[in-house]
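# Notes for the structure review
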Amino acid sequence: MHRIAICRFQSKMTLWVVCAAVAVLAHAAAASPNILFILSDDLGYGDFEPYSINTGPRRLQTPHVTQFASQGIRFTQAYAGSSVCAPSRCALMTGKHSGHCTIRDNGPITLHANDTTVAEVLQKAGYKTALFGKWGLSQDTPTDSRFPTNAGFDIYHGQVDQNLCHNYYPNWMWLNSTAQNITANANASVANCGKDHDRCEWSSDIWVNDTIHFLSTYTDSAPFFLFLSVTSPHAGAVGSNVEDDVPVPRVSLGPYANRSWPKVEIDFATAITWQDQQIGAVLSALNASGFEENTIVFLASDNGAHNEGGHSYTFFNSSGYLNGFKRSLHDGGHRFAHALCSSLVL
């Protein structure tokens, strides 16, 4: 029977850094394990099915996460470093308590040059490192000392400026240190992308495809640290940086299209289920590539449920039985669903 030894921590940030250290130091008898970390944006404690308090139609469908949680460890007292994006991600990447973090709010402050990231620690330990998705911890220029490719990531494809991440269909993003246009999103708008937004490319689809390609083609003998940082179900828009919806594509193909709910709630519910589908696709690629037996997989969120873009966190009881939501000092602001799975014996 496979086992994973772990302590109980009140902070996912501490847990994450300890697990990274375990991955590097505790495998004297075998190859160092790979690490796959999947981070949601503004996912509430009760949004994924294993944590939901709902019954009936408002219990959102997340079968892949449910299966994943049943095979690993389901944490019920995992806390982010903060109740908003940037300081939470600062704690995640540096392992510091938010009282010691350089970034303490969602303002213009970025990581300092002497802030060591977990990617740098793993890179020095011989890991191949890749980040696909949202960064939000540096200036939006490759000359910044904490730009992803200067902060421990060998490969980067994503968006650095967290405000630009509000656009679910951006017309460009960084490929390592090069700005790359996204032709399908050149004139992204509700009209141009179509009713189902299927004439444009959703950023999360791009990054999930990057992740699957990485797993499917990876042949390096070095272990990898793969960080998938999606931007859903954060509020956003089509072709702009406002926050007026949760505008995922293919809503008409989802299980909630005919529900008599407000449009934004149908969109939000679809975002949760599509994210579950994406997680399932990534885990399938991990298994098909033969990495399952030597990979630690984390699922987490950067903070609690949001109440923005017209969405109400109470509609699906996104905070579960907790009080509060994103930006709150109550548990609903920074406590979240966190699951870990590994077939390793540590």
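Residues numbered from 1 in each chain as written. Predicted model: local features only at pLDDT ≥ 70, side-chain atom pairs only at ≥ 80, totals over all residues. Heavy atoms only, no water.

### Quick notes on the overall build of the protein
- Scanning the protein from terminus to terminus reveals 8 helices and 9 strands.
- The globule rule puts the C-alpha radius of gyration for 346 residues at 20 Å, and the 19 Å found for the protein is close to it.
- Each principal axis of the C-alpha distribution contributes one length, and for the protein these read about 55 × 45 × 40 Å.
- Expressed as a percentage of the 346 residues in the protein, the buried residues total 58%. (Helix = DSSP H or I, 4+ residues; strand = E, 2+ residues; numbered from the N terminus. Rg over C-alpha atoms; globule rule 2.2 N^0.38 Å. Buried < 20%, exposed > 50% of the residue type's maximum accessible area, 1.4 Å probe, protein only.)

### Focus: the pairing of strand 9 (residues 335-342)
- Counting buried residues in strand 9 gives 8 out of 8 residues, a clear majority hidden from the surface.
- Of the pairings in the sheet, the one linking strand 2 (residues 73-79) to strand 9 comprises 5 bridges and is antiparallel in character. Note on strand 9: the bridge partner recorded for R74 is A339.
- In this structure, strand 8 (residues 295-301) lies alongside strand 9, joined through 4 bridges in antiparallel fashion. Within strand 9, the position partnered with V297 by the bridge is C341. (Pairing = 2+ DSSP bridges.)

### A closer look at the confidence of the model for the protein
- Confidence along the protein averages 91 in pLDDT terms, with 90% of residues attaining 70 or more.
- Every residue in residues 1-11 is under pLDDT 50, and counting partners more than four places away or in other chains gives 26 contacts. (pLDDT = per-residue confidence, 0-100. Contact = heavy atoms within 4.5 Å.)

### Remarks on the packing of helix 6 (residues 203-217) against helix 7 (residues 263-288)
- Close contact between helix 6 and helix 7 brings their axes to 8 Å; oriented N to C, the two are set at 10°. By the angle between their axes, helix 6 is roughly parallel relative to helix 7. Of the residues in helix 7, those in contact with S204, D205, V208, T211, I212 and L215 of helix 6 are Q278, A281, V282, A285 and L286.
- When its residues are assigned to classes, the contact of helix 6 with helix 7 shows 7 nonpolar, 3 polar and 1 charged. (Axes fitted to C-alpha atoms, helices over the stretch in contact; angles between N-to-C directions. Parallel < 35°, antiparallel > 145°, perpendicular 65-115°, else oblique. Nonpolar A, V, L, I, M, F, W, Y, C, P; charged D, E, K, R; others polar.)

### Notes on the packing of helix 2 (residues 63-71) against helix 7
- Where helix 2 meets helix 7, the axes come as close as 7 Å, and the angle between the chain directions of the two elements is 55°. Here helix 2 lies oblique to helix 7, going by the angle between them. When helix 2 is examined against helix 7, the residues P63, H64, V65 and F68 are found in contact with a partner set consisting of D276, Q277, I279, G280 and L283.
- Its residues assigned to classes, the contact of helix 2 with helix 7 comprises 5 nonpolar, 3 polar and 1 charged.

### Examining the pairing of strand 4 (residues 155-159)
- Here strand 4 lies mainly inside the structure; 4 of its 5 residues are buried.
- Of the pairings in the sheet, the one linking strand 3 (residues 128-134) to strand 4 comprises 5 bridges and is parallel in character. Residue pairing across strands places G133 opposite G158, the latter belonging to strand 4.
- Two strands pair when backbone bridges link them, and strand 4 and strand 5 (residues 172-175) are joined in this way by 2 bridges, in the antiparallel orientation. For G158, the partnering residue across the bridge sits in strand 5 and is W174.

### Here's the deal with the packing of aromatic side chains
- Per the stated rule, a full pass over the model turns up 24 aromatic pairs.
- Between Y313 and F325, the aromatic rings sit 4.5 Å apart at their centres with planes inclined by 35°, giving tilted as the arrangement. Pair noted here: Y313 is in the loop between strand 8 and helix 8 (331-334) and F325 is in the loop between strand 8 and helix 8, with a separation of 12 residues, a long-range link.
- Accessibility expressed as a relative area gives 19% for Y313, which makes it buried.
- Owing to a relative accessible area of 28%, F325 belongs among the partly exposed residues under this scheme. (Phe/Tyr/Trp six-rings, centres within 6.5 Å; stacked < 30°, edge-to-face > 60°.)

### Looking at the sheet that holds strand 6 (residues 178-181)
- Spatially, 9 strands are ordered 2-9-8-1-7-3-4-5-6 in an open sheet, and the strand pairing comes out mixed. At either margin of the open sheet sits one strand with a lone partner, and together these are strand 2 and strand 6. Sheet twist, expressed as the average angle between the axes of neighbouring strands with direction ignored, equals 15°.
- Bridge count between strand 1 (residues 34-40) and strand 7 (residues 224-229): 5 bridges; the pairing is parallel. Across the sheet, residue L39 finds its bridge partner in strand 7, namely S229.
- Sheet strands touched by helix 2: strand 2, strand 8 and strand 9. Its angle to strand 9, the strand with the most contacts, is close to 65°.
- Sheet strands touched by helix 6: strand 3, strand 4, strand 5 and strand 7. Its angle to strand 7, the strand with the most contacts, is close to 165°.

### Details of the state of the cysteines
- All told, the structure shown has 1 disulfide when counted by the stated rule.
- Paired by a disulfide, C193 and C200 hold their sulfur atoms 2.1 Å apart. Taking the sign of the S-S torsion, -85° for the link of C193 and C200, the bridge is left-handed.
- With relative accessibility at 0%, the residue C193 sits in the buried group.
- Judged by its relative accessible area of 11%, C200 is buried.
- Cysteine C101 remains unbridged, with the sulfur of C90 as its closest cysteine sulfur at 3.5 Å. (Disulfide = S-S within 2.5 Å.)

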